[in-house]
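# Topology and contacts: notes
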Number of protein chains: 2
Amino acid sequence: MTEMANITDVAKLANVSAMTVSRVLNGKGYVKEETRRRVLKAMEKLHYVPNELARSLVLQQSQMIALIVPDITNPFYTTVARGIEDMARKNNYQVILCNSDENVDKEREYIEMCLRIRVDGIAIAAAGDASKKNLQLLKPLDIPFVLIDRRVEGTQADVVLGDSVEAAQSLVEHLIGLRHRRIAMFTGSLQSSTSRDRVAGYRKALEKHGILYREEYVKENTYTRNSENSDIQDLMTLPEPPTAILAANNILAVKAFQQLKKLQLQVPGDVSIVGFDEVDPMNVAEPFFTSAIQPAYTFGTLSMQFLLERIEGNDSSPRTIVLKLEMVIRNSTQTVKVPQDN
Amino acid sequence: MTEMANITDVAKLANVSAMTVSRVLNGKGYVKEETRRRVLKAMEKLHYVPNELARSLVLQQSQMIALIVPDITNPFYTTVARGIEDMARKNNYQVILCNSDENVDKEREYIEMCLRIRVDGIAIAAAGDASKKNLQLLKPLDIPFVLIDRRVEGTQADVVLGDSVEAAQSLVEHLIGLRHRRIAMFTGSLQSSTSRDRVAGYRKALEKHGILYREEYVKENTYTRNSENSDIQDLMTLPEPPTAILAANNILAVKAFQQLKKLQLQVPGDVSIVGFDEVDPMNVAEPFFTSAIQPAYTFGTLSMQFLLERIEGNDSSPRTIVLKLEMVIRNSTQTVKVPQDN
DNA sequence: GTGAAAGCGCTAACAT
DNA sequence: ATGTTAGCGCTTTCAC
């Protein structure tokens, strides 16, 4: 930081008190038109920029909120971020974007920094249930926060998320409608409520249609973006390999697709895939994946609205808002080749 | 912001002065072990979190830097962001990520906010040459900044960017090697130095191989992500339509591809495409585009290093570092069907 | 209409 | 090893 001009410098140059400068700055209180002009001129001359740090210190509010997401490279979260941002700007808040990398410790560091710089509120897509500990840091200090996309077990707060149970169920029923019976699931870390919901929907659909739930069909993927594993290999070498896969998110859908390709298996020829959200932000490929799409932008605007209300002091009991997903049927699914009973 | 405990509260509870608490906090100066423990206990009891705002105010530095990018949804910039972030964290700086949306006015707003909250420095991929005005706000206040990916005409500063001239030339020569002679170019806004460099490389290659530069083959695209236009249409209905296209960035490569598809034209069967950077971060499609890839992560780490040096007071003359791009040949290019003279 | 004084939470410099 | 004083840049309150 540098020796920038401060309010006193401006005051001196304009031959007024700091108070008058402050009044000009904030447009409140009476200032004679001529004085105001003198002050404005002095500001310009000195390249004066008000020090928001000092202002926040006395006002006890920073007009900043933080958005913490688990993966900044996932288009779902960048879309959420845009929603948050637009709504925040409309209300004169600045957004600080933080990337926890699905890592609870990194997440904690960011939350601690948020406390230190006294953000007015936090919107967070939590890394997992273990985030509870991090969020508890906020409670005694009374910093408002909203959960996005994922509930956190044992944490009371406003939540904005999608109806993953229902969406997963619909996706599976779509597969069943195409006569699939051997349907596997790629779930994300079961630390995340969203993953669990999607598994629940998967099971619900199977049950409803009298299809046996098979342990060995469900693969929990905790690995990160670039790591390798053999889930598909394992799946496809079972005595009764699946004919379709429900992937619990966009990343996993791609993973499944790529692994199948390596085994020379066709999608949807040999195996159908269904998933969540858009996979290919730029639509490089023809939109290909049959998918349940979440209204990500709305996740953002809505959760920001909630957060603003909390910051303004709304003290009602926590709300959960569950948004519908839109299932779009594309080319990653087709009728099963060799119908199976089961 | 809320009535959180402050340093005096802790001091009182621990029966010491604020100074002692401060010393415990910052681990400098001598504090008796027993006193230290008492202080620590008091902190915990009060859920004390140091107020970084106040600290920054007296220390005259915020330990925050800002990264301003023109498009947060472009994987190139998110990769840069990761590089910046990692390097910043290593050096105890927090990063504030801002999205200017290729909009000079929004960019100015963010820069003004950065000044108000007294960030220690700014890394910026400028919206265009018009960003000069915005950057000039920083000069008189002596806030260090680094330019990433794009020079800004008339602005002196450290710059980290790719060798776009050479890369564009190589891409075009690759096409020429495949016997293309009618090569069109999709450029981004010529407000951006990077676009201009790529056009320069394009012309250089043509010239070198005695191919006529044709005005009507160069299309400047200033439209945004979702807008429509007829560039490809115009191009392909020329008396001598191009057999290949150089796209000036990842977004434009996709645009070209999609528009060709609409006209029932095949890539690379009817038209070859070359571009820059990765197009498909998740590799949904087989990596498909022949492309010159920039070391985006390194852009980030390097520019952060420069910025840190400037913050620390390094006052040498501005440096420009130009990184090589890596050309990867993939499936969006092939030998021209009907060789043309020209 | 304008100003003076006090204080937001912290630390540097100087006591003791 | 610990405390006191002053001040970072601003706004609130009250006075004129």
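All names here are of chain B. Relative to the 20 Å expected for 14 residues at 1.5 Å per residue, helix α8 (residues 164-177) spans 19 Å between its end C-alpha atoms, a close match to the ideal helical length. Along α8, the residues classified as buried are Ser164, Ala167, Ala168, Gln169, Leu171, Val172, His174, Leu175 and Ile176. Phi turns positive one or two residues past the end of α8, at Arg179, with a value near 75°.

The subject of this paragraph is the protein's contact with DNA strand D. Among the 24 residues in the neighbourhood of DNA strand D, the closest are listed as Ile7, Met19 and Tyr48 of chain A together with Lys32 and Thr35 of chain B. Each atom of DNA strand D within 4 Å of the protein belongs either to a base or to sugar and phosphate, the latter forming 64%. Within the side chain of Thr20 of chain B, one N or O atom sits 2.7 Å away from a phosphate oxygen of DNA strand D. Contact between DNA strand D and Lys32 of chain B: a phosphate oxygen at 2.6 Å from a main-chain N or O atom of the residue. Counting only elements with at least two residues in the surface near DNA strand D, the list comes to α2 (18-26) and α4 (52-59) of chain A together with α2 (18-26) and α4 (52-59) of chain B. Per-element accounting of the surface near DNA strand D gives the leading share, four residues, to α4 of chain A.

Let's shift gears to the nonpolar core. Counting residues in hydrophobic clusters, the biggest one holds 56 residues, and the most contacted among them are Ile122 of chain A together with Ile122 of chain B. The contacts of Ile122 of chain A, once residues within four sequence positions are left out, are Ala66, Ile68, Cys114, Leu138, Pro144, Phe145, Val146 and Leu307 of chain A. Judged by nonpolar contacts, the second largest core, of 54 residues, contains Phe76, Tyr77 and Ala125 of chain A together with Ile72 of chain B.

The interface is formed by 58 residues belonging to chain A together with 60 residues belonging to chain B. Summing both sides of the interface, chain A and chain B together bury roughly 5,800 Å²; the carbon and sulfur share of this comes to 60%. At the junction of chain A and chain B, the tally comes to eight salt bridges. Two residues, Asp101 of chain B and Arg82 of chain A, come together in a salt bridge whose shortest N-O distance is 3.1 Å. In this assembly, chain A and chain B are joined by 18 residue pairs in polar contact (both at pLDDT 80 or more). Listing elements by their share of the side of chain A that touches chain B, those giving two or more residues are α4, α5 (75-90), β2 (94-99), α6 (104-116) and α11 (250-262) of chain A. Partitioned by chemical class, the residues of the side of chain A that touches chain B number 29 nonpolar, 13 polar and 16 charged.

Bringing the sheet that holds strand β12 (residues 326-328) of chain A into the picture now. Residues and elements named next belong to chain A. The strand order β7-β6-β8-β9-β10-β12 describes an open sheet built from six strands, whose pairing is mixed. Of all strands in the sheet, those with a lone pairing partner are β7 (218-220) and β12, marking the two edges. The mean angle between the axes of side-by-side strands here comes to 15°, regardless of whether they run parallel or antiparallel. As paired elements, strand β9 (residues 272-276) and strand β10 (residues 290-293) share three bridges and run parallel to each other. Residue pairing for β10: Phe276 is matched across the bridge by Ala292. Packed on one face of the sheet, helix α9 (residues 193-208) meets β6 (183-187), β7, β8 (244-247) and β9 and runs near 170° to β6. Along the sheet face, α11 touches β6, β8 and β9 and points at about 160° away from the line of β9.

Moving on, we get to the domain arrangement of chain A. Reports of interface size often rely on the accessible area that becomes lost once the parts have come together. Once the domains are mapped, chain A shows domain 1 (7-59), domain 2 (64-162 + 295-323) and domain 3 (164-294). Measuring from the centre of the C-alpha atoms in domain 1 of chain A to the corresponding centre in domain 3 of chain A gives 61 Å.

Right, let's get into the protein's contact with DNA strand C. The environment of DNA strand C is made up of 25 residues, and the closest members are Thr20, Arg23 and Thr35 of chain A together with Ile7 and Tyr48 of chain B. Put simply, 69% of the atoms of DNA strand C that lie within 4 Å of the protein are in sugar or phosphate. The separation between a phosphate oxygen of DNA strand C and a polar side-chain atom of Thr20 of chain A is 2.6 Å. With respect to DNA strand C, the backbone of Ala54 of chain B contributes an N or O atom lying 3.4 Å from a base nitrogen. Going through the elements one at a time, α2 and α4 of chain A together with α2 and α4 of chain B are the ones with two or more residues in the surface near DNA strand C. Residue contributions to the surface near DNA strand C peak at four residues, all from α4 of chain B. Considering only residue class, the surface near DNA strand C consists of 13 nonpolar, eight polar and four charged.

Here the focus is the sheet that holds strand β5 (residues 158-162) of chain A. Either a parallel or an antiparallel arrangement is found when strands of a sheet pair, and the pairing is made through backbone hydrogen bonds. Residues and elements named next belong to chain A. Taken together, six strands build an open sheet; the order of strands is β2-β1-β3-β4-β5-β11 and the sheet is parallel. Pairing within the sheet leaves two strands with one partner each, and these edge strands are β2 and β11 (320-323). Going from strand to strand, the sheet's axes swing by 15° on average, the running direction of each strand aside. Pairing of β5 with β11 involves four bridges; the strand directions are parallel. By the bridge assignment, Leu161 is partnered in β11 with Val322. Its contacts with the sheet place helix α12 (residues 296-311) against β1 (64-69), β3 (121-124), β4 (145-148), β5 and β11, and it is angled at close to 175° to β5.

Reading guide: rules and limits
Residues numbered from 1 in each chain as written. Chains lettered and ligands numbered in written order. Predicted model: local features only at pLDDT ≥ 70, side-chain atom pairs only at ≥ 80, totals over all residues. Heavy atoms only, no water. Helix = DSSP H or I, 4+ residues; strand = E, 2+ residues; numbered from the N terminus. Expected span 1.5 Å × (residues − 1). Buried < 20%, exposed > 50% of the residue type's maximum accessible area, 1.4 Å probe, protein only. Near = heavy atom within 4 Å. Polar contact = N/O pair within 3.5 Å; in protein donor to acceptor, adjacent residues only side chain to side chain. Core = buried A, V, L, I, M, F, W, Y, C linked by side-chain atoms within 4.5 Å. Contact = heavy atoms within 4.5 Å. Buried area = accessible area lost by both parts, 1.4 Å probe. Salt bridge = Lys/Arg side-chain N within 4 Å of Asp/Glu carboxyl O. Nonpolar A, V, L, I, M, F, W, Y, C, P; charged D, E, K, R; others polar. Pairing = 2+ DSSP bridges. Axes fitted to C-alpha atoms, helices over the stretch in contact; angles between N-to-C directions. Domains from an automatic or database assignment.

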